[in-house]
Amino acid sequence: MRDLPEPRTGQSPVVPPQRRPPLLPGGRARTAERLAYLDNATRRINSSLDLAHTLRNLGKVLVPALADAAVVHLRDPLPDMERFSGSPAALTIHHLHGTRLGRRSRTRRLVPGGAVARALNQQFPTGPVVLGTPSAARLRPLLEELYGARTLGRLAAGTALLALPLRGRKTVLGLLLLIRRPSKLSAPSSELHVQEGQFTGPGAPDAFALTAAYDAALAFDATDTATAAHLATQAGLAVDTALRYSREWEIADELQRSMLPTHLPQRHGVRLAHRYLPCERGAQVGGDWYDSVPLPGNRVALIVGDVMGHSLTSAAIMGQLRTSAQTLAALDLPPHEVLYHLDEQAQRLGREQHLATCVYAVYDPIANRVVLANAGHVPPVLVQPDGKAELLELPAGAPIGVGGVDFTSVELPAPPGSALLLFTDGLVETRRRPLATGLELLRSRLGHGAPRTPEQLCQEALRILPPGDRADDIALLAATFDGIPAEDVAYWYLQPRHETPGRARRLAGHALRRWGLESLVDNTELMVSELVTNAIQHATRPVTLRLVRTSVLRCEVGDDSALLPRARRAGPDDERGRGLQIVARCAERWGATRLGAGKVVWFEQRLPTPRPAT
């Protein structure tokens, strides 16, 4: 079996004319053509920062202008260019052009001190040679180590080979093998075979007699060798650059992903799902982010934003804005106030103007309402329980960082069964599709069919993406609203008086008995009494008490004091300071949250397991 195809009938002489242009008087035409070829080839090799594209371009500039086939071997594994150590232990074929040589065993372990290792260190002759002539003997150990003697024996007699190392800026990266196939006009009979660098078979000619003819007609001459060596140098530097660029992209992508939440907190009454797809254009990173922040009263804040630009700076600004948004959301400020403070924060990040778009929403599962504010972001999509989808026409405002802009909050009904999709413009706007068309396509896509889970909502939204590279990052945050029934919520306003703790105990016990949770009455009354007692000592306005029954029993006590309680160890003679210790001992979880106008202290208990019916 021949590794290279036979030349077609009527092929021009030994070497195709595109490789050996006729030498005109003075050789100027050939020199000009060679220089033009080198200029175009160098530009093409260095035209991409992607390793696969670089190797494909290398194969295209070498074949057929300089060779009939090319094989590119690179180190395995690919090195970290900043922390390289040692010689390669193996080579892997990363690109084949015009040949199938070595396709069955693409990775070869190298023999320490062997022919390949010495060739990479320029201590071993690498060609050019022609199989079937004495010149092939010096390259045979290298070829057998790379491909094996059996595979090498399938190459036709008269095949010309040239091996060149690929060098980076600090190390050898691999090996480039160029192949020229034999011509019918000068090749020996097909019954001849190559063995140990000599022709064998009936009527085998004298190898020394053929050396001059083959070397002159088929082998790479000095000009070809110099040209190939120059392109191998350019290819080594291009591969080095591509590997460094890939490493930088990995670092940037890891940095960006580390600043995004790996999972979202799942609150009762709402189900959440998210997607993040980085852009596929080179090593650029963007500033898209999403987040969800739990709030008192089983509410949840939903945030999606996009820092303008693609760079590490955009990713860093995104991380700072996301942290600021989390802090502001935890204060339970209205959505427009959150955007206002984010706008101020963006202006303090540096001398440069950092712009970002953002949409902020707060969902209340008890009131079945959602409050939204927009800062120059694409409008979200609200899907009604009947499947109808609409783009929410919110006051757009201006991007964060412009300064001096008023933001407006809009409150909308969000009945159980409805869903909200927040996204960045990379989902709906492409180079070939305007923003308005993409928004309408998304609304139409989500407006058909039965109510979906948030995961299905994300999948349906991504189906509108056209095939091909994504020019921008995409961030999705989908929320399906289930709500909490009103009969599972108890809420009271209590005046800050001395008798208030006793009244709070009675109200909480009555609510638990109504829900059939008699086993939790004693502990709940004790903890409610302790929290309300602490609240009335600092409150100047009515204290709030809320009980919510979901898969757990949650109790919240709020007051207008911004001082957060701290658990401390009380001494044997102290009469106070044991309230939070009691709460920590009796509750499954507890905590305190500072609000814009006070704080909320809460605790949770597991619901008793229902007894099986007899």
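In what follows, the structure referred to is the one given above.
Let me begin by describing the structure that accompanies this report. (Residues numbered from 1 in each chain as written. Predicted model: local features only at pLDDT ≥ 70, side-chain atom pairs only at ≥ 80, totals over all residues. Heavy atoms only, no water.)

## Describing the packing of aromatic side chains
At step 1: Inspection of the entire model under this criterion finds two aromatic pairs.
At step 2: Summarising the aromatic geometry, the rings of Tyr 363 and Phe 481 are spaced 3.9 Å apart at their centres and angled 15 degrees between planes, so their arrangement reads as stacked. Here Tyr 363 is found in strand β12 (residues 356-364), whereas its partner Phe 481 is found in strand β18 (residues 474-481), with 118 residues between them in sequence. There is no split in this pair, since Tyr 363 and Phe 481 are both buried.
At step 3: Each ring, one from Tyr 491 and one from Tyr 493, has its centre 5.3 Å from the other, and the planes form 80 degrees; the classification is edge-to-face.
At step 4: Over the ring of Trp 602 we find Arg 554; its NZ or CZ atom is 4.4 Å from the centre of that ring. (Phe/Tyr/Trp six-rings, centres within 6.5 Å; stacked < 30°, edge-to-face > 60°. Helix = DSSP H or I, 4+ residues; strand = E, 2+ residues; numbered from the N terminus. Buried < 20%, exposed > 50% of the residue type's maximum accessible area, 1.4 Å probe, protein only. Lys NZ or Arg CZ within 6 Å of the ring centre and 35° of its normal.)

## Notes on helix α14 (residues 579-586)
At step 1: Looking only at α14, the buried set comprises Gly 579, Leu 580 and Val 583. Buried residues of α14, seen end-on, are gathered within an arc of 90 degrees and therefore sit on one face of the element.
At step 2: Taken together, the buried residues of α14 touch α13 (521-538), β22 (589-595) and β23 (598-606). (Arc of directions from axis to C-beta. Contact = heavy atoms within 4.5 Å.)

## Re the sheet that holds strand β3 (residues 107-109)
Within a sheet, each strand pairs with its neighbour through backbone hydrogen bonds, oriented either parallel or antiparallel.
At step 1: Judged by pairing direction, the sheet is antiparallel, and its six strands sit side by side in the order β3-β2-β1-β6-β5-β4 without closing on themselves. Sheet topology places β3 and β4 (129-130) at the edges, where each strand pairs with a single neighbour.
At step 2: Here three bridges tie strand β2 (residues 90-97) to β3, and the two strands are oriented antiparallel to one another. Each bridged residue has a counterpart across the sheet, and for Thr 92 the counterpart in β3 is Thr 107.
At step 3: Here helix α2 (residues 51-62) sits on the sheet in contact with β1 (69-75), β2 and β6 (172-180), set at roughly 60 degrees to β2.
At step 4: Relative to β6, helix α4 (residues 140-147) is tilted by about 105 degrees, and along the sheet it contacts β1, β2, β3, β5 (160-167) and β6. (Pairing = 2+ DSSP bridges. Axes fitted to C-alpha atoms, helices over the stretch in contact; angles between N-to-C directions.)

## Looking at the pairing of β12
At step 1: Counting buried residues along β12, eight of its nine residues qualify, which places the element largely inside the surrounding structure.
At step 2: Bridging between strand β11 (residues 299-307) and β12 involves eight bridges; their strand directions are antiparallel. Bridge pairing in β12 links Val 300 to Tyr 363.
At step 3: Following β12, the chain reverses through four residues before pairing antiparallel with strand β13 (residues 369-375); Asn 368 in that reversal takes a positive phi of roughly 55 degrees.

## Focus: a positive patch on the surface
At step 1: Taken together, Arg 100, Arg 103, Arg 104 and Arg 150 make up a surface patch of like positive charges.
At step 2: Positionally, Arg 150 belongs in helix α5 (residues 149-152). (Patch = residues over 30% accessible without salt bridge, like charges linked within 9 Å, V, L, I, M, F, W, Y side chains within 5 Å. Areas by Shrake-Rupley, 256 points an atom, 1.4 Å probe, with all protein chains shown as cover. Salt bridge = Lys/Arg side-chain N within 4 Å of Asp/Glu carboxyl O. Lys, Arg positive; Asp, Glu negative; His and termini not counted. Charge placed at Lys NZ, Arg CZ, Asp CG, Glu CD.)

## Some details on the nonpolar core
At step 1: In this structure, Leu 302, Leu 321, Leu 339 and Leu 420 are the most contacted members of the largest nonpolar core, which totals 54 residues.
At step 2: When residues no more than four places from it in sequence are discounted, the contact partners of Leu 321 are Trp 289, Val 307, Leu 342, Ala 346, Leu 349 and Ala 356.
At step 3: Counting residues in hydrophobic clusters, the runner-up holds 33 residues, among them Leu 62, Ala 67, Ala 238 and Val 239. (Core = buried A, V, L, I, M, F, W, Y, C linked by side-chain atoms within 4.5 Å.)

## A word on the pattern of salt bridges
At step 1: Scanning all chains against the criterion turns up 21 salt bridges.
At step 2: The closest approach of N and O atoms between Arg 34 and Asp 224, which form a salt bridge, is 3.3 Å. One end of the pair, Arg 34, is in helix α1 (residues 28-45); the other, Asp 224, is in helix α7 (residues 222-258), and 190 residues separate them in sequence. The exposure classification of Arg 34 matches that of Asp 224, with both residues buried.
At step 3: Arg 322 is the partner of Asp 291 in a salt bridge, and the nearest nitrogen-oxygen pair spans 2.9 Å. Taken together, the residues Asp 291 in strand β10 (residues 287-295) and Arg 322 in helix α8 (residues 312-330) connect sequence positions 31 residues apart.
At step 4: Taking relative accessible area as the criterion, Asp 291 reaches 3% and is therefore assigned buried.
At step 5: One salt-bridge network, in which partners are shared between bridges, spans Arg 546, Arg 554, Glu 556, Arg 589 and Glu 604.

## Side note on the environment of Asp 406
At step 1: Residue position: Asp 406 is located in the loop between β15 (389-391) and β16 (409-413).
At step 2: Asp 406 sits in the exposed class, given a relative accessible area of 71%.
At step 3: With 31 residues separating them along the chain, Asp 406 and Ala 375 place their C-alpha atoms 9.4 Å apart.

## Looking at the packing of α13 against α14
At step 1: Between α13 and α14, the shortest axis-to-axis distance is 9 Å and the interhelical angle comes to 145 degrees. Crossing handedness for the pair α13 and α14: left-handed. Along the contact surface, α13 presents Asn 523, Leu 526, Met 527, Glu 530, Leu 531 and Asn 534, while α14 presents Gly 579, Leu 580, Ile 582, Val 583 and Cys 586.
At step 2: In the contact of α13 with α14, the residues fall into seven nonpolar, three polar and one charged. (Left-handed = near helix turned anticlockwise from the far one by under 90°. Nonpolar A, V, L, I, M, F, W, Y, C, P; charged D, E, K, R; others polar.)

## With respect to the sheet that holds β16
At step 1: Across the sheet, which stays open at both edges, the five strands sit in the order β10-β11-β12-β13-β16 with antiparallel pairing between neighbours. Across the chains shown, the open sheet's two edge strands, defined by having one partner strand only, are β10 and β16. The mean inter-strand angle of the sheet, taken between neighbouring strand axes irrespective of direction, is 15 degrees.
At step 2: Those strands touched by α8 are β10, β11 and β12, and its axis lies near 15 degrees from that of β10.
At step 3: Across the sheet, helix α9 (residues 335-347) touches β12, β13 and β16, and the angle it forms with β13 is around 25 degrees.

## Notes on the side chain of Asp 488
At step 1: Looking at where Asp 488 falls in the secondary structure, it is placed in the loop between β18 and β19 (489-494).
At step 2: Residues in contact with Asp 488, not counting those within four places in the same chain, are Trp 515, Leu 547, Val 548 and Arg 549.

Fair warning: the whole summary comes from geometry, so function is off the table for now.
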